[in-house]
Structures are given as C-alpha cells and as structure tokens.
Amino acid sequence: DVAPIIFNHCSPCHRPAESAPFDLLSYADVRKHSKLIAEVAGDRYMPPWLPAHGVNRFVGERWLSDVEIATIASWVKQGTVEGDAAELPELPKFLEGWQLRQQPDLVVTLPEPFVMPADGGDVYRNFVVPIPLDAARYVEAIEFRPGDSRAIHHAFTLVDSSDASRKLDAADQGAGFGGMSTGSGAHSPGGHFISWQPGKVATKVPKGMAWRLAPDTDLVLQLHMQTTGREEKVQPSVGFYFTNEKPTLFPYKLVLRSTDIEIPAGDSDYSFEASYRLPVSVNVLGVIPHAHYLGKKLHAFATLPDGSKQWLMRIDDWDFNWQGDYRYEKPLRLPKGSTLVQRFSYDNSAGNPRNPNNPPKAVRYGLNTTDEMGEFWIQVLADNPQDTEALNRDYGRYAIEQRAKELRVQLANEPRNAETWKELGKATMAIGTAEEARAHLQKALQLDSRLAEAHYLMGMTYARENQMEKARIAFLSCLGSEPNHSAANNGLGIIAQQNNMLPMARSFFQRAVDSDPENATTVINLARILRKLGDLDAALPYYEKAISLQPQDASLQQELNTIRAQR
C-alpha cells in the first residue's frame, strides 16, 4: 500500500545523485524516516508544491491525495509493518542523465567547480559561461542538470548577448558574481521562463514558440545554494535542444510588483496590491510568483470585464525555499479590458518560523534575501503581432513608471550612486520631460564623468528635441569613454545620414553592428544604408539577418524581395 506512494512521489528526488538529503528506495530507508514522512506529508510540506490544490491546473503538479496521506499516517500509527516482500512493486526505472534525449545538441558546463563550504547558510551566485555557437540556432528546450551536488536549491537560466555579465564577473574576485541581481544584460530568452527546482521535469516549449539563440551569447546561471554540512563541489551543466522550425508565436512577459514595501517589526499581516489592465486579449501560458522569507499568502487573479474573477494563482502558505515557475495545463483566456491583480501578504512577527530576524525588525523592499520583494511574472500570448505591439507600448509605459518608483527608493538610501541617477534619467526620458531627464543624467555625470551610457542618453534627449549638434557632441563624449558603444555609433550614423553623409553613416552603422550584432535596429539601419549606397551584395546578408531578428516585420521581407529582383 505504501511503497507505490513513496516510489511515485518521493523516490524521484530521494535517491543517489539527486538533491534530497537522504534516499527513500527501500523499506529500511522509509522505516528510518517514517515519522518524519507522515508529518511532512500530513501538513503537505512534502512533496513540495506551493499552489493551492484545485484552484488551477499546472503541468507537473506534485500532490498527494487525501487517501494517500491517510494511508501513510495509518501505516506509521500501526507500526510501519513491512508486509509480504513478494508483493513489493518494482522500483521505477528512473531516467539517468538527460531526460529529453540521450544527448542534447549542445552541453554547456561550468568550467571549474564552485566549492561550497560545509556551513554558512544561503549563497546566491551568478556564473557566466560562453555558449560555443558559430551560427544562430532555435531552441525548443533547455535542461538543467545540477551534477552530483545537493547544495543547489534552485536555479534560473538566463542569456546575455552583451558583455554586461562578463564585466560583472570580471569585477568580482571569485568565480561568477554574487547577489540576486544579474544587472541589465542577462534576461530570460524570448519571453520564456527557464528555471529548475528539485524534481522538475524538463519539457519542450509549445509548438511554434522556439526561441533564437545567437552566437557570442553567454549563459548566466543564477544559483541559490545552501550548505549541507559538508563541503560540496558545484558544477552544473545545461543541455540545449535545437530545432530547425523558426518561431511563429512570440510570448510576452508582464510583471506585477511593488517597491513600496516597508513591513513594520512584529506585523503579522502586512499586505499590498498591484494591478494592470490588459489593452488586448491574451492567453496566459505560465506564471512565476516571488517573495522572500516573510511572504505569507501570494494571491493573483484577473477581474474580467463582466466583473467575474479568474484565479491566476493562489498560494496560502508561501515558502521561499520552494519557489519556481508554473505552466498551465491549458492556457487561460483573458479578454481585453481584464485587470490583472496581485495581492501579497507578509508575516514579520516572531511567530513566523521563517523570519530571518530574531527579534523581528522593520524590513523594506530590496534585492537581498533579508530584504523583501513581491513580484508576479506572467507569460502571455497575444492573438497577433499587432496586438503584441499594442501590449508592448501600453505595458512598456506601465513598467517604466514602476521602475522610476523603484529607482527613487534606491536614491533615498544611496543618493551618490551615479548608476542609479543614470537609470532614473533613462526612465524619465520615457515618462517625463527631456529637461527632467537631463537633470538626472547631469547628476550622474557629476558623480562619474566617464559614465558612457549617461552621455549617450543625454544625446538622446537632445535628439528628440532636434538639437542634433548637441546630440552629436554627447554621442562623441560617450565614445570617448566607450568607443564600441553600439547605440552611440548608431546615433551618429543617423545624424550623418540626415546630413546626406552616407559613407560616414555606413561606417558608424557598421561599428554599431560589430559591437552588438543582435540588435535589430542597428542591423536594419546598416542594411538600408547599404541599399541606398547601391551595394546590394553587401546589403543582402544584413537584410536576411534583420528578418531573423524581426520575423514579424513584413516590410523587411518586401525590401529584401526588391533587392533580389534588382540583382
């Protein structure tokens, strides 16, 4: 009666080389831990699964039925009788190694093991590894393998086609760089969520939703590691599975969040709410909830135009140690005008056993695990490219407004942080006036005159007011600090083109593309200037590259067809 429950729900993680701290493969294993098993099964702490039962249906749910829980409890109460060994079912044949195929198309492994000490608690670390590709490929699945280490609690898989993560890695003395922030370069690819937790089964993306992996891209692994009582060598691998099918569907990511979190010491029910109204109809494909140790209840739902309520996720007992991403068995349809609502609550009292502070102390928003956060990421698919663009415009402004609020909170604590002033200037460019943005950027440059991005953004404020000579000077100042700054070279190319200095424009656009070959805007600009100059042979590959980066832009294909006809 008991063995099938253990084999199906516990043994996949509780076996050698997996993440659980002990094995559950035999009667002796289970009897040794039987009281603990009954306890954690009874309060649904194990198997680890945070969403409330019966509210939504997700892929890979890990739930014990009430009957299974009662069976374990009765067995333990009656003395953990072994039963007839002849009736013991066979141990399942677990997949060893890679799950989706005997061997992925490409495997990227951390070059050297990271040594976790025997004790010391949580460690967040980001490891940057080049992905060896000579040409772009389309990815239909990624599979994370933790290696022979139980120190990895969970992982997020990101990509970075810039050099931003490499710079953060170089600035940190150890392997990779620490913290929960990966900076501006690393991101989840193509509107997808890619994470790993113990027991998670690798799956392919839905048909038509493969994503493009460019050459000269870095893999960035954000690992949450925990000490195990012994020294551990952490050396995970990531397998990439490629397809020749180009994407035809392009998911989009939304996030509801708050940076106004300030939880008083002793408050057992602090809460906030955030919302966003959808400008188009969408299908919701998956979600990621996120809070830290004080998280209590994480509720997210949609209020539909008719006033009815559609749950997106309900977690009544949040546990930071078991966060993950969730994909619906069947996408949720939300009509235009639906309002997405995030309602999170927190427990900062001494009665919260997960509270990292004893006695409790006031906790504010921040990226450290001892700070607090409240985010709900939503992966959606609009009905057509036009709706995706409308969503991007509308949500883009909403997201920038939220980002500006966050930056002002940071500046209240660190008023002499040039990078934060620069980021506030960047946000203000989109939601405020050029004069406001320049004031913030000037403050950044007063603190650090060689901040290349601040010079570039200053140039953009002038360009939008058609003060092109001031813009040109600012772009050149940017190149004085960072000669290969792609966007500044692109800006100078546009100015040269406006002045009919086409060969000079070509030179600047070429530098921009050489610095950032995956930037669709600069590739398109170079392709079109080459066409204007009559160099159709040179223009052709850049048009083809532009189409691979922007497959939904029909005008590019029309221009390419014209060039082929002319040739």
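Conventions and cut-offs
The written sequence of each chain sets the order in which its residues are numbered from 1. Confidence filtering applies because this is a predicted model: local features only for residues at pLDDT of at least 70, side-chain atom pairs given and counted only at 80 or more, and all residues used for totals across whole chains, interfaces and linings. As a convention, hydrogens and water are excluded, and side-chain values are obtained from all of the structure's heavy atoms. Secondary structure elements are defined from DSSP: runs of H or I of at least 4 residues count as helices, runs of E of at least 2 residues count as strands, and each element is numbered from the N terminus. Buried, partly exposed and exposed residues are distinguished by accessible area as a fraction of the type maximum, computed with a 1.4 Å probe on protein chains only: under 20%, between the cut-offs, and over 50%, respectively. In these tables, accessible area is a Shrake-Rupley quantity obtained with a 1.4 Å probe, and a residue counts as shielded only by the protein chains included in the view. Within this scheme the basic residues Lys and Arg register as positive and the acidic residues Asp and Glu register as negative, but His and the chain ends are omitted. In this description, the location of a charge corresponds to atom NZ of lysine, CZ of arginine, CG of aspartate or CD of glutamate. Pairs of strands are assigned from DSSP output, requiring at least two bridges between the strands. Between the rings of Phe, Tyr and Trp (Trp by its six-membered ring), a pair exists once the centres lie within 6.5 Å; its type follows the angle of the planes, with under 30 degrees stacked, over 60 edge-to-face, and the other angles tilted. Placement of a charge over a ring requires the Lys NZ or Arg CZ to be within 6 Å of the ring centre, with the centre-to-atom vector within 35 degrees of the ring normal. To get an axis, fit a line to the C-alpha atoms, keeping to the stretch in contact for a helix; angles then go from 0 to 180 degrees between the N-to-C directions. Under this scheme an angle from 65 to 115 degrees is roughly perpendicular, one under 35 degrees roughly parallel, and one over 145 degrees roughly antiparallel; angles in between are oblique. Crossings are classed by handedness, with left-handed meaning an anticlockwise turn of the near helix from the far one by less than a right angle and right-handed meaning a clockwise turn. In what follows, residue pairs with any heavy atoms lying within 4.5 Å of each other are defined as contacts. Any residue outside Ala, Val, Leu, Ile, Met, Phe, Trp, Tyr, Cys, Pro, Asp, Glu, Lys and Arg is labelled polar, Gly included; the first ten of those are nonpolar and the last four are charged.

## Side note on the overall build of the chain
Alright, step 1. Along the backbone of the chain there are 15 helices and 21 strands.
Alright, step 2. If one aligns the C-alpha atoms of the chain with their principal axes, the spans along those axes are about 90 × 55 × 55 Å.
Alright, step 3. Taking all 567 residues of the chain together, the buried fraction comes to 48%.
Alright, step 4. Total accessible area on the chain is roughly 27,200 Å²; 49% of this is exposed by carbon and sulfur atoms.
Alright, step 5. Computing the positive centroid from 60 side-chain charges and the negative centroid from 70, the chain places the two 5 Å apart.

## Thoughts on the sheet that holds strand E7 (residues 195-196)
Alright, step 1. The 5 strands lie next to each other as E6-E3-E9-E5-E7, forming an open sheet whose pairing is antiparallel. Each end of this open sheet is capped by a strand with a single partner; those strands are strand E6 (177-178) and E7.
Alright, step 2. The pairing of strand E5 (residues 152-160) with strand E9 (residues 218-226) spans 8 bridges and is antiparallel. Within the sheet, the bridge partner assigned to Phe156 lies in E9 and is Gln222.

## So, the packing of aromatic side chains
Alright, step 1. Taken as a whole, this structure holds 18 aromatic pairs when the rule is applied.
Alright, step 2. For Lys309, the ring lying beneath its charged end belongs to Phe301, and the centroid distance is 4.4 Å.
Alright, step 3. Above the plane of the ring of Trp311 lies Arg314, whose end atom (NZ or CZ) is 5.8 Å from the centre.

## A closer look at the packing of helix H13 (residues 520-532) against helix H15 (residues 554-566)
The axes of two packed helices give the description: the angle between them and the distance between them.
Alright, step 1. Close contact between H13 and H15 brings their axes to 12 Å; oriented N to C, the two are set at 30 degrees. Put simply, H13 runs roughly parallel to H15. The chirality of how H13 crosses H15 is left-handed. Of the residues in H15, those in contact with Ile524, Arg528 and Arg531 of H13 are Ser555, Leu556, Glu559, Thr562 and Ile563.
Alright, step 2. Here the residues of the contact of H13 with H15 are counted per class, giving 3 nonpolar, 2 polar and 3 charged.

## Looking at the pairing of strand E16 (residues 295-303)
Consecutive residues of a regular strand have side chains that alternate between opposite faces of the sheet.
Alright, step 1. Relative to strand E19 (residues 339-346), E16 is paired through 8 bridges, and the arrangement is antiparallel. Note on E19: the bridge partner recorded for Thr303 is Thr339.
Alright, step 2. As judged from the 6 bridges shared by E16 and strand E17 (residues 309-315), these two strands associate in the antiparallel manner. By the bridge assignment for E17, His299 is matched with Arg314.
Alright, step 3. Counted along the chain from E16 to the antiparallel partner E17, the turn is 5 residues long, and its residue Gly307 has a positive phi close to 95 degrees.

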